[in-house]
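# Understanding the architecture of this molecule
As a plain string of letters, each chain reads:
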Amino acid sequence: MAEQKLLPGDVHRYDLPADAATPAPVLAPAPVSASASVGASRRRRWLAGRLRRAVTNSTAILLLLAAWEVLPRLGVLDPVFVPPLSEDLAAWYDLVAGGRLPEHLEASLARSLSGFGLAIVLAIPLGLLIGWYKPVADFLTPLLELFRNTSAVALLPVFTLILGIGETTKVTFVLYACAWPILLNTISGVKTVEPLLIKSARSMGLGPVRLFQKVILPAAVPTIFTGVRLAGAYSILVLLFAEMVGAKAGLGYLILDTQSSFRIPDMYAGIITISVLGLLFNLLLVGVERRFSTWRTT
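Let me begin by describing the structure that accompanies this report. (Residues numbered from 1 in each chain as written. Predicted model: local features only at pLDDT ≥ 70, side-chain atom pairs only at ≥ 80, totals over all residues. Heavy atoms only, no water.)

Time to look at a positive patch on the surface. On the surface, R42, R43, R44 and R45 cluster together into a positively charged patch. Within the secondary structure layout, R45 lies in helix α2 (residues 34–74). Under the relative-accessibility criterion, R45 is labelled exposed at 52%. (Patch = residues over 30% accessible without salt bridge, like charges linked within 9 Å, V, L, I, M, F, W, Y side chains within 5 Å. Areas by Shrake-Rupley, 256 points an atom, 1.4 Å probe, with all protein chains shown as cover. Salt bridge = Lys/Arg side-chain N within 4 Å of Asp/Glu carboxyl O. Lys, Arg positive; Asp, Glu negative; His and termini not counted. Charge placed at Lys NZ, Arg CZ, Asp CG, Glu CD. Helix = DSSP H or I, 4+ residues; strand = E, 2+ residues; numbered from the N terminus. Buried < 20%, exposed > 50% of the residue type's maximum accessible area, 1.4 Å probe, protein only.)

The subject of this paragraph is the pattern of salt bridges. On inspection of all chains with the given rule, the structure shows 7 salt bridges. Close ionic contact of E243 with R111 constitutes a salt bridge, the shortest N to O distance being 2.7 Å. In this pair, E243 is assigned in helix α9 (residues 208–245) and R111 in helix α4 (residues 100–132), connecting sequence segments 132 residues apart. The exposure classification of E243 matches that of R111, with both residues buried. Between D257 and R263 there is a salt bridge, with its nearest N and O atoms 3.4 Å apart. Among the ionic contacts, a cluster of salt bridges with common partners joins R111, E167 and E243.

Once that is clear, we can look at the packing of aromatic side chains. Summed over all chains, the structure comprises 6 aromatic pairs. Look at W68 and Y268: their rings are 5.8 Å apart centre to centre, the planes differ by 65°, and that puts the pair in the edge-to-face class. With W68 in helix α2 and Y268 in helix α11 (residues 264–292), the pair connects residues that are 200 residues apart, well separated along the chain. Y268 shares its class with W68; the two are buried. (Phe/Tyr/Trp six-rings, centres within 6.5 Å; stacked < 30°, edge-to-face > 60°.)

Here it is, written out as structure tokens:
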């Protein structure tokens, strides 16, 4: 067999270095981590669940808004007294752009938050005291039963006669209305603590102060926050009534003024603002409640 003649530049495989002569192995793609796949699947399910809940919770509101827009245009509702939603939103934008709505909103928020904050500071300690110490409860219960059945709105003329028609009257009026749900729910939360928890804590040697701090107060937090959320709604509702009676600024004054001057879209703009404000306030209180109730099992 004739020997093959090598041409210049030809190299045999056995003349190459060992690492170059050996063909490089083909690397398989790295397998996807099972835990990463499970995590991605869980995130997709969580997002899908949140989306379904959002759609379900907002369906009724979207139907209401659609009816508000369509029914006046079809003549089912008189558009003079119930303008379409788009006109009300346009009026709302004009009020915001003109600076009138922020001015009234600021006045109402200052009064509402002042009365609401004072109610929390005063009513929660008083409710804890009444619910925990029986002599205090026996002394104050008859007075509480007398005033709890007296409407705050019915007492507004009394507040006006005593305090005048200034800011003090409005803040005190909100304070009085908000104090009752907080106070009564705080008392109920303390009195309805599971007796077995109290007995178990006492058998472990907890004194009165530690018992109240570690058992009574944490167990009463959900009921207390129920009263706080109710008071948050009251702080806006009763303030509107007070602003309609004697005020020159505020959402209640805005609604009454626009109604009397027959600026109906502006009136609905004020009502929409109140509704959105109440919703945001409630969501804020729910978030605070979850923050202070993280120890509870869900």
